[in-house]
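Okay, here's what each chain looks like letter by letter:
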Amino acid sequence: MSEVTHRGGCHCGAVQFEFDAPAKVDVTDCNCSKCRMTGYEHVFVPQEKLRFLSGEDHLTTYTFNTGAAKHTFCNICGIKPLYRPRSHPEAWSVNLRCVEAGTMEVARRIAFDGDDWEGNIAGLRAET
């Protein structure tokens, strides 16, 4: 499947990045407290396919529980456009809601029961 370059960023534009991925992608909908409260929609991108264009120094990191996930937020506008997920430590999770419109479509939505993360993570890794 051929890849295209997608662009994304935070609300104020301080953090901007691009990444290579297919035009149609799988999106993971997680119901954990963090994703549910923020409306986060996961597009997993291998770390070598994502490039920061600006503002990486504006990202502030928040961790909780095991500290494995590195949740990043723009320190100006507070938006979380991407982060380093515990589930896919070799990748970035890009928030579909922070990808510029016009280059990406949802191929399928994967429901993930993140409220029981430990009990369900093997299934998610098999799906994505």
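The preceding data block contains the structure.
In this report, we go over the structure that sits alongside the text. Treat the numbers as computed from the prediction; the structure is a model and nothing was measured. (Residues numbered from 1 in each chain as written. Predicted model: local features only at pLDDT ≥ 70, side-chain atom pairs only at ≥ 80, totals over all residues. Heavy atoms only, no water.)

## Quick word on the pairing of strand β9 (residues 91-95)
So, point 1. Counting buried residues in β9 gives 5 out of 5 residues, a clear majority hidden from the surface.
So, point 2. Here β9 shows a buried face lined by A91, S93 and N95 and a second buried face lined by W92 and V94.
So, point 3. In this sheet, β9 lies alongside strand β4 (residues 42-46) in antiparallel orientation, the contact comprising 5 bridges. For V43, the partnering residue across the bridge sits in β9 and is V94.
So, point 4. Where strand β8 (residues 82-84) meets β9, 2 bridges bridge the pair, whose relative direction is antiparallel. Within the sheet, the bridge partner assigned to L82 lies in β9 and is V94. (Buried < 20%, exposed > 50% of the residue type's maximum accessible area, 1.4 Å probe, protein only. Helix = DSSP H or I, 4+ residues; strand = E, 2+ residues; numbered from the N terminus. Pairing = 2+ DSSP bridges.)

## Observations regarding unusual backbone geometry
So, point 1. Even without being glycine, N65 reaches a positive phi, approximately 55°.
So, point 2. Among the structural elements, N65 can be located in the loop between β6 (59-62) and β7 (70-74).
So, point 3. The class of N65 is exposed, set by a relative accessible area of 70%.

## Focus: the sheet that holds strand β2 (residues 16-22)
So, point 1. Reading across from one edge, β1-β2-β5 is the order of the 3 strands in this open sheet, with antiparallel pairing throughout. For this open sheet the edge positions go to β1 (3-9) and β5 (50-54), each flanked by a neighbour on one side alone. Averaged over all adjacent pairs, the angle separating strand axes in this sheet is 25°, with direction ignored.
So, point 2. Of the pairings in the sheet, the one linking β2 to β5 comprises 4 bridges and is antiparallel in character. Looking across to β5, one finds that F17 is bridged to F52. (Axes fitted to C-alpha atoms, helices over the stretch in contact; angles between N-to-C directions.)

## A few points about the layout of surface pockets
So, point 1. The calculated volume of the largest pocket comes to roughly 400 Å³.
So, point 2. As for the largest pocket, its lining consists of 23 residues, and the residues nearest its centre are C32, F64, H71, R86 and W117.
So, point 3. For the lining of the largest pocket, the secondary structure elements donating two or more residues are β3 (24-30), α1 (33-38), β4 and α2 (117-127).
So, point 4. Tallied by class, residues from the lining of the largest pocket come to 11 nonpolar, 8 polar and 4 charged.
So, point 5. Within this model, the second largest pocket holds a volume of roughly 260 Å³.
So, point 6. Lining the second largest pocket are 15 residues, and of these D26, V43, F44, V45 and P46 lie nearest its centre.
So, point 7. At the level of elements, β2, β3 and β4 are the ones that each hand at least two residues to the lining of the second largest pocket.
So, point 8. With 4 residues, the single largest contributor to the lining of the second largest pocket is β4.
So, point 9. Split by residue class, the lining of the second largest pocket holds 8 nonpolar, 2 polar and 5 charged. (1 Å grid on protein atoms, 1.4 Å probe; cavity = no way out; pocket = protein on both sides within 12 Å on 5 of 7 lines; lining within 4 Å. Points joined across faces, edges and corners; volume = space filled by probe spheres on them. Nonpolar A, V, L, I, M, F, W, Y, C, P; charged D, E, K, R; others polar.)

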